[in-house]
Amino acid sequence: MRRATCIVIASAVLHGGAAFAGSFTSDGTFAFSPFGSFRLDFEGEALPPLSDPEATAPEVVVAADALSGEHVLKLGAYESVSFSVTLPPALQTYRASVWIRGGEAVGIVRSSYDGERRDEAAVLYPTGRMTSDGWVELANVRIPLDGARGPIAFGVFAPAGAEVDAFELVKDGETTREPGRACSGVSDTASCVPGEVCTWGACRRVSGWVPPIPDERESVTNYLENRLEFLFGPYENRARDLPAAKVAIEAMRDAKEPWAFWNGFLLALRRLHDSHTGIGGSIAEYALRNPRPIDACFLEGDADWSHDVAPRDPLYRDVLVSHVGPLRNLGLRSGDRLVRVDGRHPIDWARSMTDVSWSLGSASNHSTFAEHAAALRSLVSRYARTLEVVRCSEQGCGALETIDVLSLEPLGPDEEFSSRLCDNRPLRHVPGAPDNHQGAEDVFAGFLEGSPADEKLFGIEWDSLYTTTGQDGVGPALGKAVARIGSEGATGVVLDHRRGTGGTLAGPSILWSYAVKRRPLTFFESRRRAEDEQPTLADGKALFTAAVADGTVDYAGSKLANPVPIALLITSDISASDWLPLGMKGAKNVRLFGPYETSGAFSTRLALGYWLGMSFTLASGDTYVEDGRTINGFGVPPDEVVVPRQSDLARGRDTVFEAALAWLRAQNGGTP
Amino acid sequence: MRRLLALAVGTATGLFGVSARASDFDERGVLLPDAKAVAFVDFEGDSFDLDTDYVEPPESPGDCKRGSTLVPSPTALSGGQVLHVDLTKFGCADRFRFRGVPAKKASYRATVWLRHGAVDAQLTALYSKESGLTTRYAKLAPTGRATSDGWVELASNELPVDGESLESLYLKVYDFDSVGSELDALELVPSGDYVEEAACSGAFDPVCGDEGFCRYGRCVLGRLHVPPLPHPDVRGQVVDRMRGLFELFFGARKTRTRDLPRALERLESLRSATSAWAFWNGFALAVRELHDWHTRSRGDVQFAGGGGRLNACFIAGVADVTALYWPRDPMYDDVLVSHVGKTASGLAQGDRLVAIDGQHPVAWALGLKAIDWGFWQACDDRVFAEAIERLRELIPAYARTITYFACDAASGACEETPRTVEVATLVSDEGYLTCDNRPAYYLTSGNPGSDHDVGYKFYEGAVAGTAEGEKIRALIWDTLYGSGEPNGYVNSSLKKAYAAFKANARGVILDHRAGNGGTLDGAETATTLMRGPGTALVFRSPIDFARDDGPATEAEGLAIFNAWKSATPYSVGSSSHDPALPVAVLLHRDGSASDFFPYGIKGASPKVRIFGAGPTAGAFSTYYTLDPPGSLAFQLASGDSIGADGSPLLGHGVEPDEVVLQRQSDLVAGRDTMVQRAVDWLRTELKP
Amino acid sequence: MTQARVGWLVAILLGGTLVASAPACIDEVVNPAPEAGVGGQGVGSSSTGAGGAGGEAPVKRTVLTRNPLGNVAVADNLLWDGDFEWLSAFADQYAWLAGNSTATIGYQLPRQVVGARCKSGVKCVELKPNAVVVGYAVSSKGSGLEASVHVRLDGDCAGVTAALVSLDDGDDLVGLAPKEKVGAFCRYEAVAKERSSATWLFVQNKSKEKVVVDDAVVRRAAQQPLAGTVAAGPSLSVAEVADVRRALREHARPMPRPMDEAERRFRAELERRRSE
């Protein structure tokens, strides 16, 4: 009885009670709260201005069963609307609510510290109140807003289309906590309070990104813990990482504010340490733009020119600048070295951001950190205070230098910015590859630039292996590129897949069929039982053998494999991009080049999302190879370990590519 | 004719008008017992028998001699006799049972009237072992009612009593003064609801409700350990009085501008408090919000529910062995096991504590602020050494689970996955282990004992592992309590050690890693080995002017320094110091005089180097203690110190010249990272 | 505690708030006559607002209060998302496969419904005639399974087929038997003996009208049954079972559903903002 009582009481908290929210008369007619500071039901009055003056005006239609009055706002699929709302010039907290019908939609309130940029976002989630004619209330509470700081934006986004009615903002409390208090990075222990994270130099209220702590805290916590315990598939990661994930779940049981509760679950997912398992995008992340973006990409390497200035770390590889854009690059250039972030090794520091960063992923293996290196430019601008760098030129490197991240000027209100893609490729080598390294869904192919025409060395640079039929995604372009190898008489091929974002097995099959002889490769099995743990080698072998017999094993290659030497370049390669080198490895005409093993994400995942505010993916199984091992959590190692060297980067050279080129030339009897 | 004085908020210590009233007085001032009372003892005739109503101390029956007597008094509050309590010469409290307590579950308030002297009184419910119930008690505190002939009323909050399992319900009383105290009109009145003593897990287990918290696996009923809720007539005045204390006298530049507003907000919320626990715990929390090393609240509640600590000490460090298995926290250092005693519940030196109830240990400890009356923090917002040092006592009291990586000294390796264990399965210590932030001792002879109890002692000797010709010596000590006596124990011990160093050492380690502070003269003496004379700062504590927020600008600060450098200087160094002798100062958890000492030598000479895990506490002031009758006390820091550069120092700990965190790999191997690093540096600087 | 009992408890307590007049507990007063056909028996309460005199004026709408996270009382549900509360428009591989028939089962998302038509929580899915959803659950080592699912349909409960399917021939095809219709919902139940491979909950609309599926549970059986219950309602043909198993086998491998241009653009922009 006590728990059920709590359901009612806590629901009342989220509903706010009649004083804080619209309520219903005895015949079910909706009535706004008499204490509201803003209400909008599309009846009569002129619509408030749109927060984006260039957006198209929303469609207001007559509806006999409108929640309030006789009109509703109609949104089509992937349409959104956001109104500019002026509130009283005083800092106080509000309950924001809106009613939707007909499909999942999300409400969002964005506010500004200075009247220019959107600095804070609060996402509206279902309160549990709904009506017999299909209306569902979305709300969030205790949102601090100050009308003196300019109008706020109050909007709705509907990926599947929806009807919207009864926007409402009602004061629900007082606060003396000024929004946007300055702070000096996430390690600042003095400035921010629980429910805030120091991001981009200000204490941002992340507790508005998530729903309130649910009424049935214990049941919800147990339910979510069981999703991991019952359903998470990869055996190696279950053994090594599930205990750590459960520790984060434990913290949910007495979390005192919403962020601590919900981030406990989302942190548990991140602690599973698997490329297929993580946090999907949140509408809150979409709503906020980085005011201080950095256009520089980092990768792990060997700082051979600067170990006298800063010795190598015993645990982590050096972090080097791979490539930069012309603007907002902190004055860095290719070959410079990032020595420390807030006093810690950059990878050590980046890994510690797992606690706060929803977007940070990790490899499924437990020894490589390519994902953390690539994420550094984003993490640093969000969460760091100081960087220690060594700047280098073609002649050598200088002394240790400190950069204050907050010294980077914020983007102007109308300033456009587009960044490089961090793809682990210091240089691009095929015709048409864009200078900004973008084009993650494209395939770039042709004879290698900088190689004599008579060498006929061909190159393909691409990231995605997504195709379901071979006729969608990268399928046609990849097929065409492979066909050109033969049709144009290439004598060797560089497959540059150093940012392999995965896809489906139909992707690597296009290359396997060209490059290697057919052989049974792997057997993927979705998780069978809640209690399953690592099977024995014998059991695994029996499963694989049975899969060969019943045709459920995955094959790599074809009878007509081509003998042209192929150098496959790897660095950060996930899922289907793990399978690609796995299927190529061992073939006589193929050699893998890279700094270390691929991610080891030999699974697939399912995706779940809660009202576009919190979403996650969870790996659903594991993959067996012929000897009975399961291989999720174990990447494919390169045949030749090649680590990008600082001395090469500083002189405009691409260490890994050049090693591959030398091997191809040697295969063809040329001089490396 | 006796007159009842009106309720009043007396002194700074406060007299607290209680909401519910018991006995009353007629117009002639004659006491009228409460009609609902189940017991009324006015120490007359049949109501009381000194022999048969006396209760032997349960823990040591027969060890104590009764110190109370019945004496005739024409001004007795009721009848003609009072109980005269004079115990200081016996050293034991007296206990007197209530007769006729109903054999049922109920809740009672006790009141008694006091004249002369001062007593500590508590209502205690003692249960038989077979009942499985633990002894519960409620302290008595002044209600604010007093009479014109000197009687003062004391009352307890409501004590739940299971009359069926009760062995005895008694008043325990102890008096503090040399003349004794008089008691009369002891009364027991049913009041409040019976509250079962519930089992619980984790400090904030909801089963304990809003009026308590969970400690050592049992719900602590907060009201039993605090004074009564001030009567509505005076509640606002009590808050005003506390607010006045904070605003007028407390703090320094940093704590007044950053922390005081939070504390005042907390105090304001007490005006609407509806229970004794909400009010007094709220007050204690307001004190903790002041964020000052010297500023503490203390209360009987700190000792509720038993005791016991883990027989292991924790320390901030770098978990280099397990870094790949568990990333560091974005805010806090790693927490490692520094050293252990016997029965350490499986913990070993070098183990890494990654979580308590799912949170980083420091975050978890800080989260206890709402109920932990022993909460202790540095003035400097970046320092958490105090919280980490207290983990060994906080874990058994408040945690459900701990999660750690176990390491093995023999192999030097640690497990790749963490262990999570239930705190209830851990063993509290039976021995006595001190946490002094020294993983191991390193003198060739004469080291402190395995209990790490450095305390007030000084240990001096050669450093193990160094060559005789290097003449590297060390002093290990924690106190700077010079007590103003130049030739007192602490000052003379320092001088003696320094003289030996100047005569025989080529390099010195001053190991002060559990710097408990002391007095300014002790800090001054500690600086005489390694620098020439000078005035490092002026000591402006307590504050001179009410509501003084301290210097807002460098110019204001310099003006204060120049004005006071002759009157209240912190005079450091000595003309007879040894400029050629390299000195490595090791710090870890250092406050007050142990802040002044490193501040006085910082940057004084290239031959002096401070090694530490982070800044010191930054407690550059002194404090005053206020100890009201009842079951709580608190102390407030007042004032600041102003450096020669005009900067107000409190809240800004002394930065080490070299940050050295204990490495997990060293601890697992039994090595002390900081000592190793200090010796390496000394070897580059040895005195010729 | 079962779903129904939770709903009952909450309803009683809401009624209790009237008697005890504890407005802090809820801002709505219970209407003693909830509107028919909106699943008032679901988790939550039905009411018509603050007037208190429900039933006198013609009721325009009924207001319900439910746990927006759905049926979390069954914390040990072995289905990935038995209540559809975590069904997102952005899921490229959701935990329920869907199809217009058994021949077209894939990762395309089932048609989502939000609001009071659902049995519990806020989200559920709609099946057109002949349409199918297949939900992924893990089985349990050493334990049989109890399965249930609720379907809102106008006609007879026999208009829907529900069964436990798996890829292992050794695991029985177990039909879920329809129980009595409560309000607008038919509840289908089954008990299955221990299974060696993953269990998929198959639901197909074999009626002529649209139906709504919600609140599906697969959990460990209290005791090990000797045999599964017998399939009831329109049974699955051999060809249909073969279709389902083929789809399950294909979609065990990575097979994200294709995205339309709007979704692709939104995802690309979100990814860019996260990586900047």
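Residues numbered from 1 in each chain as written. Chains lettered and ligands numbered in written order. Predicted model: local features only at pLDDT ≥ 70, side-chain atom pairs only at ≥ 80, totals over all residues. Heavy atoms only, no water.

Enquirer: Explain the overall build of chain B to me, please; I cannot follow it from the model alone.
Expert: Scanning chain B from terminus to terminus reveals 11 helices and 38 strands. The C-alpha radius of gyration of chain B comes to 28 Å, within 12% of the 26 Å expected for a compact globule of 688 residues. Along the first, second and third principal axes, the C-alpha set of chain B runs to 90 × 60 × 45 Å. For chain B, with 688 residues in total, the buried portion stands at 59%. (Helix = DSSP H or I, 4+ residues; strand = E, 2+ residues; numbered from the N terminus. Rg over C-alpha atoms; globule rule 2.2 N^0.38 Å. Buried < 20%, exposed > 50% of the residue type's maximum accessible area, 1.4 Å probe, protein only.)

Enquirer: It is not clear to me how the overall build of chain C should be interpreted in this structure. Could you clarify?
Expert: Summing up its helical and strand segments, chain C has three helices and 13 strands in all. Of all 276 residues assigned to chain C, the portion counted as buried reaches 59%. Sequence separation of 24 or more characterises 73% of the internal contacts of chain C that already satisfy a separation of 6 or more. As presented, chain C carries roughly 10,200 Å² of accessible surface, and 57% of it is formed by carbon and sulfur atoms. (Contact = heavy atoms within 4.5 Å. Areas by Shrake-Rupley, 256 points an atom, 1.4 Å probe, with all protein chains shown as cover.)

Enquirer: What is the right way to look at the interface of chain A and chain B in this model?
Expert: Interfaces are often described in size by the accessible area the parts lose on coming together. Contact with chain A, which involves 28 residues of that partner, is made by 29 residues of chain B. The salt bridge involving E416(B) is made with R240(A); its shortest N-O contact spans 3.6 Å. Across the chain A-chain B interface, the total number found is nine residue pairs in polar contact (both at pLDDT 80 or more). Per-element tally for the side of chain A that touches chain B: the top contributor is helix α3 (residues 235-252) of chain A, with seven residues. Per-class residue counts for the side of chain A that touches chain B are 11 nonpolar, five polar and 12 charged. (Salt bridge = Lys/Arg side-chain N within 4 Å of Asp/Glu carboxyl O. Polar contact = N/O pair within 3.5 Å; in protein donor to acceptor, adjacent residues only side chain to side chain. Nonpolar A, V, L, I, M, F, W, Y, C, P; charged D, E, K, R; others polar.)

Enquirer: I keep staring at the packing of aromatic side chains and nothing clicks. Help me out?
Expert: The way to describe two aromatic rings as a pair is by their centre distance and the angle between their planes. With the rule as written, the count across this model stands at 55 aromatic pairs over all chains. With a centroid separation of 5.8 Å and 10 degrees between ring planes, the pair formed by Y125(A) and Y610(A) is classed as stacked. Here Y610(A) lies in strand β32 (residues 605-610) and Y125(A) lies in strand β9 (residues 120-131), a separation of 485 residues in the sequence. Exposure class is identical for Y125(A) and Y610(A). Each is buried. In this structure an aromatic cluster arises from ring pairing among F38(A), F42(A), F83(A), F154(A) and F167(A). Note that R518(A) overlies the ring of Y555(A), its terminal NZ or CZ placed 3.8 Å from the centroid. The ring of W564(B) has R540(B) sitting right over it, with the charged end atom 3.4 Å from the ring centre. (Phe/Tyr/Trp six-rings, centres within 6.5 Å; stacked < 30°, edge-to-face > 60°. Lys NZ or Arg CZ within 6 Å of the ring centre and 35° of its normal.)

Enquirer: When you look at the state of the cysteines in this model, what are you seeing that I'm missing?
Expert: Put plainly, a disulfide is one covalent bond tying together the sulfur atoms of two cysteines. Residues and elements named next belong to chain B. This structure, assessed with the given rule, holds 11 disulfides over all chains. What pairs with C407 in a disulfide is C414, and their sulfur atoms sit 2.0 Å apart. Torsion about the S-S bond of the C407 and C414 cystine: about 100 degrees, corresponding to right-handed handedness. Each bonded cysteine of chain C gets a number by its place in the sequence, and the pairs then read 1-2, 3-4. Each bonded cysteine in chain B gets a number by its place in the sequence, and the pairs come out as 1-2, 3-5, 4-6, 7-10, 8-9. (Disulfide = S-S within 2.5 Å.)

Enquirer: Explain the environment of L426(B) here, please?
Expert: Residue and element names in this part refer to chain B. Within the fold, L426 resides in the loop between β24 (419-422) and β25 (459-462). For the pair L426 and D451, spaced 25 residues apart in the sequence, the C-alpha separation amounts to 20 Å. Beyond its immediate sequence surroundings of up to four residues, L426 is in contact with L310, S345, I395, I402 and V421.

Enquirer: Looking at this model, I keep getting lost on a negative patch on the surface. Mind explaining?
Expert: Residue and element names in this part refer to chain A. A surface patch of like charges, here negative, comprises D114, E116, D414, E415 and E416. Checked against the element boundaries, D414 lands in the loop between β20 (396-404) and β21 (443-447). Owing to a relative accessible area of 72%, D414 belongs among the exposed residues under this scheme. (Patch = residues over 30% accessible without salt bridge, like charges linked within 9 Å, V, L, I, M, F, W, Y side chains within 5 Å. Lys, Arg positive; Asp, Glu negative; His and termini not counted. Charge placed at Lys NZ, Arg CZ, Asp CG, Glu CD.)

Enquirer: I'm lost on the interface of chain A and chain C in this one. Help?
Expert: Each partner contributes to the interface: chain A provides 101 residues, whereas chain C provides 93 residues. Interface area for chain A against chain C, summed over the two sides, is near 8,300 Å², with a carbon-plus-sulfur share of 60%. At the boundary of chain A and chain C, one finds seven salt bridges. Residue R274(C) pairs with E285(A) through a salt bridge whose shortest N-O separation is 3.1 Å. The interface formed by chain A and chain C contains 42 residue pairs in polar contact (both at pLDDT 80 or more). Contributions of two or more residues to the side of chain A that touches chain C are made by α1 (2-15), β9, α2 (217-231), α5 (283-287), α7 (370-383), β27 (519-526), β32 and β33 (614-619) of chain A. (Buried area = accessible area lost by both parts, 1.4 Å probe.)

Enquirer: Which parts of the structure should I look at to understand unusual backbone geometry?
Expert: Note: most peptide bonds trans; most residues except glycine with negative phi. In this chain, S541(B) is followed by P542(B) through a cis amide linkage whose omega measures 0 degrees. Turning to its location among the elements, P542(B) is positioned in the loop between β29 (534-540) and α8 (554-564). Unlike most non-glycine residues, H273(A) shows phi in positive territory, near 55 degrees. Counting through the fold element by element, H273(A) comes out in the loop between α4 (258-271) and β15 (278-279). A positive phi angle is found at H291(B), which is not glycine, with a value near 55 degrees. Among the structural elements, H291(B) can be located in the loop between α3 (276-289) and β17 (296-299). With relative accessibility at 10%, the residue H291(B) sits in the buried group.

Enquirer: Could you clarify how one ought to interpret the pattern of salt bridges in this entry?
Expert: Where charged atoms from two side chains of opposite charge approach closely, those side chains can pair. Under the defined criterion, the tally for this structure stands at 118 salt bridges over all chains. Its salt-bridge partner being D423(A), residue R425(A) comes within 3.2 Å of it at the nearest N-O pair. Across this residue pair, the class does not change: R425(A) and D423(A) are buried. Of the charged contacts in the structure, one is a salt bridge between E269(C) and R273(C), with a shortest N-O distance of 2.7 Å. With E269(C) and R273(C) both in helix α3 (residues 261-275), this residue pair falls four residues apart, about one helical turn. Overall, E269(C) belongs to the buried group, its relative accessible area being 19%.

Enquirer: What's the story with the domain arrangement of chain B in this structure? I'm lost.
Expert: All names here are of chain B. For chain B, the assigned domains read domain 1 (24-197), domain 2 (200-227 + 292-435) and domain 3 (437-533 + 573-618 + 653-688). Taking only C-alpha atoms, the centre of domain 2 and the centre of domain 3 are 28 Å apart. With both chains or domains summed, domain 2 and domain 3 bury close to 2,600 Å², and 56% of this area falls on carbon and sulfur atoms. Of all residues in domain 2, W293, I315 and Q349 bury the most surface against domain 3, accounting for 20% of the area lost on that side. Applying the counting criterion to the domain 2 and domain 3 interface returns three salt bridges. One salt bridge in this structure joins E389 and R589, with 2.9 Å as the shortest N-O distance. (Domains from an automatic or database assignment.)

Enquirer: How do you make sense of a nonpolar patch on the surface when you look at a structure like this?
Expert: Where nonpolar side chains cluster on the molecular surface, the patch consists of Y456(B), Y481(B) and Y489(B) and spans about 390 Å² of accessible area. Take Y481(B): it is sitting in the loop between β26 (472-476) and α6 (489-504).

Enquirer: How do you make sense of the pairing of strand β13 (residues 166-175) of chain B when you look at a structure like this?
Expert: The side chains of a regular strand alternate between both faces of the sheet. Residues and elements named next belong to chain B. With respect to burial, β13 is a largely interior element, seven of its 10 residues being buried. Relative to β13, strand β7 (residues 94-97) runs antiparallel, the two being bridged by four bridges. Paired with R95 across the strands is K172, a residue of β13. Pairing of strand β9 (residues 119-127) with β13 involves nine bridges; the strand directions are antiparallel. Following the sheet pairing, A121 is matched in β13 by V173. (Pairing = 2+ DSSP bridges.)

Enquirer: Just to check I follow, could you spell out the confidence of the model for chain B for this structure?
Expert: Close reading of the predicted structure is inappropriate where its pLDDT is low. On average, residues of chain B score 93 in pLDDT, and 96% of them reach the 70 mark or higher. Below pLDDT 50 for its whole length, residues 7-20 of chain B participates in 50 contacts with residues either more than four positions away or in separate chains. (pLDDT = per-residue confidence, 0-100.)

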